Amino acid sequence: MKALRKYIDKIKPKFEEGGRFGMFRSVFEGIESFLFVPNHTSKAGVHIHDSMDSKRAMTVVIIALLPALLFGMYNTGYQHYVSAGVDAGFVSTFIYGMLAVLPVLIVSYVVGLGIEFTVAQWKKEEIQEGFLVSGILIPLIVPIDTPLWMIALATAFAVIFAKEVFGGTGYNIFNVALVTRAFLFFAYPGSMSGDSVFVRTAAQTVDGFSGATPLGQINMAPNEAIGSFQVVDTLGNPLSLWDMFFGLIPGSIGETSTLAILLGAVVLLYTGIASWKTMGSVFAGGIVASLLFNLAGTTVAMSVTPWEHICLGGFAFGAVFMATDPVTSSRTETGKYIYGFLTGLLAIVIRVLNPGYPEGMMMAILFMNIFAPLIDYYVVQSNISRRLKRARVK
Amino acid sequence: MGLSNKNKAILLGPLSKNNPIVVQMLGICSALAVTSKLEPAIVMAISVTVVVSFANVIISLLRNTIPNRIRIIVQLVVVAALVTIVSEVLKAFAYDVNKQLSVFVGLIITNCILMGRLEAFALGNGPWASFLDGIGNGLGYGLILAIIGFVRELFGFGTLLGHQVVPDIFYKWGYVNNGLMILPPMALIIVAAVIWIHRSRNKELQEK
């Protein structure tokens, strides 16, 4: 580490204004502050500030995402070997999954960071850390069989049109990772939904294998099946609530295990990076919506219990990692409740009522991203008018 | 045929610096609706060019006799008559395209570019200048429509004017047509990208 510091100090003058590589200054600064603590000290007066800069916040989010990522890798391998009918053992299952997921992760980081670096270089700004989290979120919310060039294209689209045109990290209206997914979903629906994309199947699948996700099955279930309908795994065995919670089911890479997501949620809430108000009210909204649908209960989708809704699909993942994005969610304290509650409510409404979309979390969060500034505006306005009423000039 | 500098500016201005779509932000609705393929986009562009230039000429000839209070009604009557003619011609000679354009031929009447040019130009200028202004604006509109239609058809269907241009081998390698290109939101994003490029090339158009 010391040798590295020395080396960086040695080459630093070359990258400063007027140096030989002066034009690559922001790339150099980005790498230096990534390797070491940013070397900024105030020039005048005394300032007290937290050590929690945006880089550290991003690092914590990445740590919180690790359980979901590792579980996603294992699950990818597990589903593959189930489809092949082979019992491969823990280690080789995990390694298979890791090798399948890593290319997606690398493509998403290389494309996203490449664009960020280029834009920062071009606009002569410092490189922001914004893509560190998006880059790991993107692989977690796509099906394993999405072609890499699609992910590269969608990442480029999202970083340019959802982030850089609005002014870069911290100015985006929409969650960048979700825009990537939305782009994939609308541009290449064949690769983003259906029975065959969520499991990397073996060349020879075992009899009775089906890669349909639980939400896909619920979506396709005929109305007569109400009451007797049972969600099954890839081999046709019924799934218990515990199976759904634990997450060895087909789905996008990181979303299946509510358990792993819960571990991440604990990290985020303990460190105070995600707002418990937003996160909690997303779950509350989802539970209220599904209880209301349970009361109506005229289709299979309506009779899915709240707990199943939370454990299936991307609901928990979206609630914990996406809806709580500090940039795109509401910033006011009351606004967080409204924003979160409506997100959860909408997600279930889309899931249950729209036959085109078995999963509604992506749409719900993107939709509420639009309304977050409006919610904040009215929360602030109502606060102002309440205080004005209280103030009386005599 | 030589054009004076003033007339040249009238004719060529709308192609770039004074473009009805990317600078004046008019006619966006039809630019989103008819551009999923190149052919309807071009036919639409021609129709609008014809209607706007002849409407300009007629209104310009009538401009001193139209009472000011009913000028909008007169303009609408003229435009509606021209649109009906264009629509009938399309039905007779280009029925398939006409079906693709569906209501949007009729909706040329409500296209903001038309009323905008009639109000802003034809009511105050002579017929020849008005004719050039109509042609210029129609071409400016058509240019953007053609760009959007080109991009959307190429990436959305892999074809241009109905002929396949993306080679079969690409599809074999795993290339897939982009479904988002066919949807109107992508047209909006392409318009935005065109505006982006246009403004970065013409600094004087950039808002502070």
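Residues numbered from 1 in each chain as written. Chains lettered and ligands numbered in written order. Predicted model: local features only at pLDDT ≥ 70, side-chain atom pairs only at ≥ 80, totals over all residues. Heavy atoms only, no water.

**Section: the overall build of chain B**
To keep things clear, this is the line we draw: Segments assigned H or I by DSSP are reported as helices when at least four residues long, segments assigned E as strands when at least two residues long, and all are numbered from the N terminus. Only protein chains enter the accessibility calculation, which uses a 1.4 Å probe. A residue is then buried if its area is under 20% of the maximum for its type, exposed if over 50%, and partly exposed in between. The contact rule is simple, with two residues in contact once any of their heavy atoms fall within 4.5 Å. Here the accessible surface of atoms and residues is derived via Shrake-Rupley with a 1.4 Å probe, and residues count as covered only by protein chains that are part of the display. All tallies of charge rest on Lys and Arg as positive and Asp and Glu as negative; His and the ends of each chain are not included. Positions of charges follow a simple convention, taking NZ of Lys, CZ of Arg, CG of Asp or CD of Glu.
Counting its secondary structure elements, chain B contains 10 helices and two strands. In sequence order, chain B lays out its α and β elements as α-α-α-α-α-α-α-α-β-β-α-α. Principal axes of the C-alpha set define a box for chain B whose edges measure 65 × 45 × 35 Å. Out of the 208 residues in chain B, the part that is buried amounts to 45%. Restricting to contacts in chain B with at least 6 residues of sequence separation, those with at least 24 account for 74%. Within the structure as shown, chain B displays about 10700 Å² of accessible surface, and the carbon and sulfur contribution to it stands at 68%. Seen as two clouds, the 16 positive and the 9 negative side-chain charges of chain B have centres 8 Å apart.

**Things to note about a nonpolar patch on the surface**
The condition is simple: Patches draw on residues past 30% relative accessible area with no salt bridge. Two like charges within 9 Å are joined, as are two nonpolar side chains (Val, Leu, Ile, Met, Phe, Trp, Tyr) within 5 Å. Each reported salt bridge corresponds to a side-chain nitrogen of Lys or Arg within 4 Å of a carboxyl oxygen of Asp or Glu.
Together, B:Ile42, B:Ile46, B:Val50, B:Phe54, B:Ile58, B:Leu61, B:Leu62 and B:Leu161 make up an exposed nonpolar region whose accessible area comes to about 660 Å². Positionally, B:Ile46 belongs in helix α3 (residues 38-62).

**So, the pattern of salt bridges**
All names here are of chain A. Going through the model one piece at a time under the given rule, you end up with six salt bridges over all chains. When the shortest N-O distance is used, the salt bridge between lysine 163 and glutamate 116 registers 3.0 Å. One end of the pair, lysine 163, is in helix α6 (residues 148-163); the other, glutamate 116, is in helix α4 (residues 90-123), and 47 residues separate them in sequence. Where salt bridges share partners, they join Lys277, Glu333 and Lys336 into one cluster.

**Topic: the packing of helix α15 (residues 333-353) of chain A against helix α16 (residues 361-390) of chain A**
Residues and elements named next belong to chain A. Here is the rule: A fitted line through C-alpha atoms serves as each axis, taken over the contacting stretch for helices, and the angle formed by two N-to-C directions is quoted from 0 to 180°. Orientation labels follow simple angle bins: below 35 degrees gives roughly parallel, above 145 gives roughly antiparallel, 65 to 115 gives roughly perpendicular, and whatever is left gives oblique. Note on convention: the crossing is left-handed when the near helix lies turned anticlockwise from the far helix by less than a right angle, right-handed when the turn is clockwise.
α16 packs onto α15 with a crossing angle of 155 degrees between their chain directions and a minimal axis gap of 9 Å. When the axes of α15 and α16 are compared, the pair comes out roughly antiparallel. When you trace α15 past α16, the crossing you get is right-handed. Of the residues in α16, those touching α15 at Thr334, Gly335, Ile338, Tyr339, Leu342, Thr343, Leu346, Ala347 and Ile350 are Met361, Met363, Ala364, Ile365, Phe367, Met368, Asn369, Ala372, Ile375 and Val379.

**Brief notes about the packing of aromatic side chains**
The test is simple: Side-chain rings of Phe, Tyr and Trp (the six-membered ring for Trp) are treated as a pair once their centres are within 6.5 Å; stacked means planes under 30 degrees apart, edge-to-face means over 60, and tilted covers the remaining angles. Only Lys NZ and Arg CZ are tested; either one counts as a charge over a ring when it is within 6 Å of the ring centre and within 35 degrees of the ring normal.
Taken as a whole and assessed by the stated rule, the structure comprises 23 aromatic pairs over all chains. Grouping aromatic residues by their ring pairs yields a cluster made of A:Trp149, A:Tyr188, B:Phe170, B:Tyr171, B:Trp173 and B:Tyr175. Positioned over the ring face of B:Phe157 is B:Lys37, at 4.7 Å from the centre of the ring.

**Quick look at the nonpolar core**
To keep things clear, this is the line we draw: Only buried residues count toward a nonpolar core, which is a set of Ala, Val, Leu, Ile, Met, Phe, Trp, Tyr and Cys residues joined through side-chain atoms within 4.5 Å. Annotation comment: domain bounds sourced from an automatic or database domain assignment.
Judged by nonpolar contacts, the single largest core of 137 residues is most densely connected at A:Leu65, A:Phe317, A:Phe321 and B:Met44. Residue contributions to this core reach at least three from each of two domains, namely domain 1 (19-36 + 57-192) and domain 2 (225-393) of chain A. Dropping the residues within four chain positions of it, B:Met44 is found in contact with B:Ser30, B:Val34, B:Leu101, B:Phe104, B:Ile108, B:Tyr141 and B:Leu145. In terms of nonpolar packing, the next biggest core, distinct from the first, is built from five residues, B:Ile10, B:Leu11, B:Phe121 and B:Leu132 among them.

**A short note on the domain arrangement of chain A**
Residue and element names in this part refer to chain A. The following threshold applies: Summed over both partners, the accessible area (1.4 Å probe) lost when two parts come together is defined as the buried area. Each polar contact in these results corresponds to two N or O atoms within 3.5 Å; when the atoms are within protein, one needs to be able to donate a hydrogen and the other to accept it, and residues that are neighboring in sequence are counted only if both atoms are side-chain atoms.
With domains assigned, chain A is organised as domain 1 (19-36 + 57-192) and domain 2 (225-393). Each of domain 1 and domain 2 has a C-alpha centre, and the two are 23 Å apart. Contacts between the two partners involve 36 residues from domain 1, matched on the other side by 33 residues from domain 2. In total, about 2900 Å² of surface goes out of reach between domain 1 and domain 2, with carbon and sulfur atoms giving 77% of it. For domain 1, the biggest contributors to the area lost against domain 2 are Phe71, Asn175 and Leu178; these three give 19% of the whole. Where domain 1 touches domain 2, the interface holds zero salt bridges. Taken together, the connections running from domain 1 to domain 2 amount to six residue pairs in polar contact (both at pLDDT 80 or more). Put simply, the parts of the chain that give the side of domain 1 that touches domain 2 at least two residues each are α3 (54-84), α5 (131-140) and α7 (176-187). Looking at the side of domain 1 that touches domain 2, the element that brings in the most residues is α3, giving 15 residues.

**Looking at the environment of A:Gly297**
Residues and elements named next belong to chain A. Within the element layout of this structure, glycine 297 appears in the loop between α12 (276-296) and α13 (306-311). Sequence separation between glycine 297 and glycine 170 is 127 residues, and the spatial gap between their C-alpha atoms is 42 Å. Once residues within four sequence positions are removed from consideration, glycine 297 is found in contact with Ile226 and Met302.

**Comments concerning the side chain of A:Asp325**
Residues and elements named next belong to chain A. Examined against the element boundaries, aspartate 325 turns out to sit in the loop between α14 (315-322) and α15. Of the buried charged residues, aspartate 325 lacks a salt bridge, with arginine 331 as the closest side chain of opposite charge at 8.3 Å. Here the side chain of aspartate 325 touches valine 327 through a polar contact of 3.0 Å, landing on its backbone nitrogen.

**Description of the side chain of B:Glu153**
Residues and elements named next belong to chain B. Locating glutamate 153 in the fold gives a position in helix α8 (residues 127-156). It is lysine 37 that comes nearest to the buried, bridge-free glutamate 153 among opposite-charge side chains, at 5.7 Å. Residues in contact with glutamate 153, not counting those within four places in the same chain, are Ser36, Lys37, Leu38, Glu39, Gly158, Thr159, Leu160, Leu161 and Gly162.

**Notes on α7(A)**
Residue and element names in this part refer to chain A. Definition in use: To estimate the expected span of a helix, subtract one from its residue number and multiply by 1.5 Å.
An ideal rise of 1.5 Å per residue puts 16 Å on 12 residues; α7 measures up with 16 Å between its terminal C-alpha atoms. Burial analysis of α7 places 11 of its 12 residues in the buried class, the great majority of the element. Here α7 has its buried residues at Val176, Ala177, Leu178, Val179, Thr180, Arg181, Ala182, Phe183, Leu184, Phe185 and Ala187. Its side-chain oxygen at 3.0 Å from the backbone nitrogen of alanine 177, asparagine 175 defines the N-terminal cap of α7.

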